[in-house]
Amino acid sequence: MALYLFQLARNLSFPDLLPELVLRSRNAIPWLGDLSTLDFSHAWTDRPFILTDPVREWPVYREWSTEAMLGKYGDVSFRAEAVDWPLKTYVEYMRDNQDESPLYLFDRSFVEKMDIRVGRDGHYWAPGCFGEDLFSVLGEQRPDSRWLIVGPERSGSTFHKDPNATSAWNAVLRGSKYWIMFPTSPSQPPPPGVFVSKDQSEVTSPLSIAEWLLGFHAQARATPGCAEGICREGEVLHVPSGWWHLVVNLSPSIAITQNFVPESHLAKVLDFLKTKPDQISGFHSDVNNAYELFAKKMRERYPEVLDKALGEMEKMHEGKKRKWDQLVNGDEEHVTKARGFSFGFGDEGDEDVP
Ligand SMILES: O=C(O)CCC(=O)C(=O)O
Ligand SMILES: [Fe+2]
């Protein structure tokens, strides 16, 4: 079975078939040159998009290739799923493997290991449009936020949402990545082939990427809300908070990703930290109340921004309560069809009462 699927996956011929599919798709993720901070915060924080310009200015975009990295960092160990391997061992594997789901290098300490400077005058920097990342008020106590990602063709990430309700950008330095994404909405189940527990804490996506593409891709592409696109060398893709995404490398790739909290999603992130403490991830174990810590640091640095977000959170919960009362009082109009009742957060905060 696995071999058959693997052959089929190979026969899908990623570089040829998928771009064509995407070009013809009404789901295409918009391609923009660049965005201003204002445009991003006013119009784009909840939409995926690809920027073609900012990454091309980075020194790491000019300098990094597998060869160049091997020369400099061949003996440095990086995390690839459950193992730590010297880069030269991983690259050897990457060049040789025939695996259906290849081992993926995903390292959160690459900046320290490679002695990289992050920032405008450094080796790379966050594209300006994303504005200030509010988790930076946490300093050393912020959760994991950046990863180096390296993998061969067919490697990638199965469906997930990014941690702690953060948004992310993912910059491709070499190779290209196919993305398929879905917003979270009260009226929509998770993407086809993905199963989520009632409190959303468990996501089961039992299929490999190749199996999922073979079994569910066509259905997923016809599902309302589906967004898909190819992020090519030198481009960066925006993953809005709460969006499901599956990613597959169409050719051997090197990428950097960073998660962040834009001001317009502060309420969402605070609400996540407050109401889903069991689902928080990436904080050091000495942080035992991430919500209180983040609120305290925000109070010190940006009291007005915090107050605005706390007000939004209150409104979100009032909305929930009002709709709950309507439901309990038998207001039929507010009971949605087959999937039950929507709390009406108006975004991925929505939950369904079964
Ligand atoms: O490049 C990829 O495989 C996607 C990475 C991703 O989705 C993530 O870091 O959350
Ligand atoms: Fe992700």
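Residues numbered from 1 in each chain as written. Chains lettered and ligands numbered in written order. Predicted model: local features only at pLDDT ≥ 70, side-chain atom pairs only at ≥ 80, totals over all residues. Heavy atoms only, no water.

A short note on the coordination of the iron ion (ligand 2)
Distances from the iron ion (ligand 2) to its protein donors, His 160 (NE2), Asp 162 (OD) and His 245 (NE2), fall at 2.1 Å. Residue His 160 is classed as partly exposed on the basis of its relative accessible area of 24%. A relative accessible area of 3% places His 245 in the buried class. (Donors = N, O, S within 2.8 Å, 3.2 Å for Na, K, Ca; no water. Buried < 20%, exposed > 50% of the residue type's maximum accessible area, 1.4 Å probe, protein only.)

Points about the pairing of strand E6 (residues 146–151)
Counting buried positions along E6 yields five of six residues, so the element is predominantly enclosed. Bridging between strand E5 (residues 105–107) and E6 involves three bridges; their strand directions are antiparallel. Residue pairing across strands places Asp 107 opposite Leu 148, the latter belonging to E6. Pairing of E6 with strand E13 (residues 244–260) involves six bridges; the strand directions are antiparallel. Note that in E13 the partner of Val 150 across the bridge is Ile 254. (Helix = DSSP H or I, 4+ residues; strand = E, 2+ residues; numbered from the N terminus. Pairing = 2+ DSSP bridges.)

Let's talk about the site of ligand 1
Close to ligand 1 lie Tyr 104, Phe 106, Ile 149, Ser 157, His 160, Asp 162, Asn 170, Lys 177, His 245, Val 247 and Thr 257, which account for all nearby residues. Here an oxygen atom of ligand 1 and a side-chain polar atom of Asn 170 are 3.1 Å apart. Lys 177 is positioned such that a nitrogen or oxygen atom in its side chain is 2.7 Å from an oxygen atom of ligand 1. Protein chains shield 94% of the accessible area of ligand 1, which is 290 Å² for the free molecule. (Near = heavy atom within 4 Å. Polar contact = N/O pair within 3.5 Å; in protein donor to acceptor, adjacent residues only side chain to side chain. Areas by Shrake-Rupley, 256 points an atom, 1.4 Å probe, with all protein chains shown as cover.)

Overview of the confidence of the model for the protein chain
When pLDDT is averaged along the protein chain, the result is 87, and 85% of the positions lie at 70 or above. Taken as a whole, residues 1–12 scores under 50 in pLDDT and shows 17 contacts with residues more than four places along the chain or in a different chain. Across residues 331–354 the pLDDT falls below 50, and counting only partners more than four positions away or on other chains, this stretch makes 53 contacts in the model. (pLDDT = per-residue confidence, 0-100. Contact = heavy atoms within 4.5 Å.)

Quick look at empty space enclosed by the protein
Inspection of the entire model under this criterion finds one cavity of 30 Å³ or more. Mapped by element, the contributors of at least two residues to the lining of the largest cavity are helix H5 (66–73) and helix H6 (87–96). (1 Å grid on protein atoms, 1.4 Å probe; cavity = no way out; pocket = protein on both sides within 12 Å on 5 of 7 lines; lining within 4 Å. Points joined across faces, edges and corners; volume = space filled by probe spheres on them.)

What about unusual backbone geometry?
A positive phi angle is found at Arg 154, which is not glycine, with a value near 80°. According to the relative accessible area criterion, Arg 154 is buried, its value standing at 7%. Phi angles above zero are rare outside glycine, and Ala 165 is one such case at about 60°. Its relative accessible area of 12% is what places Ala 165 among the buried residues.

A short note on the packing of aromatic side chains
Taken as a whole, this structure holds 17 aromatic pairs when the rule is applied. Centre to centre, the rings of Phe 40 and Phe 49 are 6.1 Å apart; their planes meet at 75°, and the pair counts as edge-to-face. A network of ring pairs unites the aromatic residues Phe 40, Trp 44, Phe 49, Phe 130 and Phe 260 as a single cluster. Lying across the ring of Trp 44, Arg 47 places its NZ or CZ 4.0 Å from the centre. Between the NZ or CZ atom of Arg 174 and the centre of the ring of Tyr 61, over which it lies, the distance is 5.2 Å. (Phe/Tyr/Trp six-rings, centres within 6.5 Å; stacked < 30°, edge-to-face > 60°. Lys NZ or Arg CZ within 6 Å of the ring centre and 35° of its normal.)

Thoughts on the nonpolar core
Counting 40 residues, the largest nonpolar core has Trp 58, Trp 64 and Leu 148 as its most contacted members. Ranked by residue count, the leading element in this core is H6, at five residues. Residues within four places of Leu 148 in sequence aside, it is in contact with Trp 64, Met 69, Phe 78, Leu 105, Phe 106, Asp 107, Phe 110, Met 114, Ile 254 and Ala 255. Grouped together as the second largest cluster of nonpolar side chains are 24 residues, Leu 134, Phe 135, Val 305 and Met 316 included. (Core = buried A, V, L, I, M, F, W, Y, C linked by side-chain atoms within 4.5 Å.)

Some remarks on helix H8 (residues 209–221)
One turn of the α-helix equals 3.6 residues, which is why residues spaced by three or four share an orientation. Between its first and last C-alpha, H8 extends only 15 Å over 13 residues, short of the 18 Å set by a 1.5 Å rise per residue. Of all the bends in H8, the largest measures some 55° and sits at Gly 215. Restricting attention to buried positions, one finds in H8 the residues Ile 209, Ala 210, Trp 212, Leu 213, His 217, Ala 220 and Arg 221. (Expected span 1.5 Å × (residues − 1). Bend = angle between axes of the 7 residues up to and from the residue.)

Here we look at the pairing of strand E4 (residues 83–86)
Where a strand is regular, its side chains alternate between the two sheet faces. Two elements, strand E3 (residues 77–80) and E4, share four bridges in a ladder whose sense is antiparallel. Bridge pairing links Ala 80 to Val 83 in E4. Here E3 hands over to E4 after two residues, with Glu 81 in that stretch at a positive phi of 50°.

Here's the deal with the pattern of salt bridges
Scanning the model with the defined rule gives 15 salt bridges in all. The salt bridge partner of Glu 67 is Arg 95, with a shortest N-O separation of 2.8 Å. Within this pair, whereas Glu 67 is found in helix H5, its partner Arg 95 is found in helix H6, the two being separated by 28 residues in sequence. (Salt bridge = Lys/Arg side-chain N within 4 Å of Asp/Glu carboxyl O.)

Brief notes about H6
Buried within H6 are the following residues: Leu 87, Tyr 90, Val 91, Tyr 93 and Met 94. Down the axis, H6 shows its buried residues gathered within 160° of arc, on one side only. Projecting away from the buried face of H6 at angles above 90 degrees are the exposed residues Glu 92, Arg 95 and Asp 96. In this fold, the buried residues of H6 make contact with H5, E3, E4, E5, E6 and E13. (Arc of directions from axis to C-beta.)

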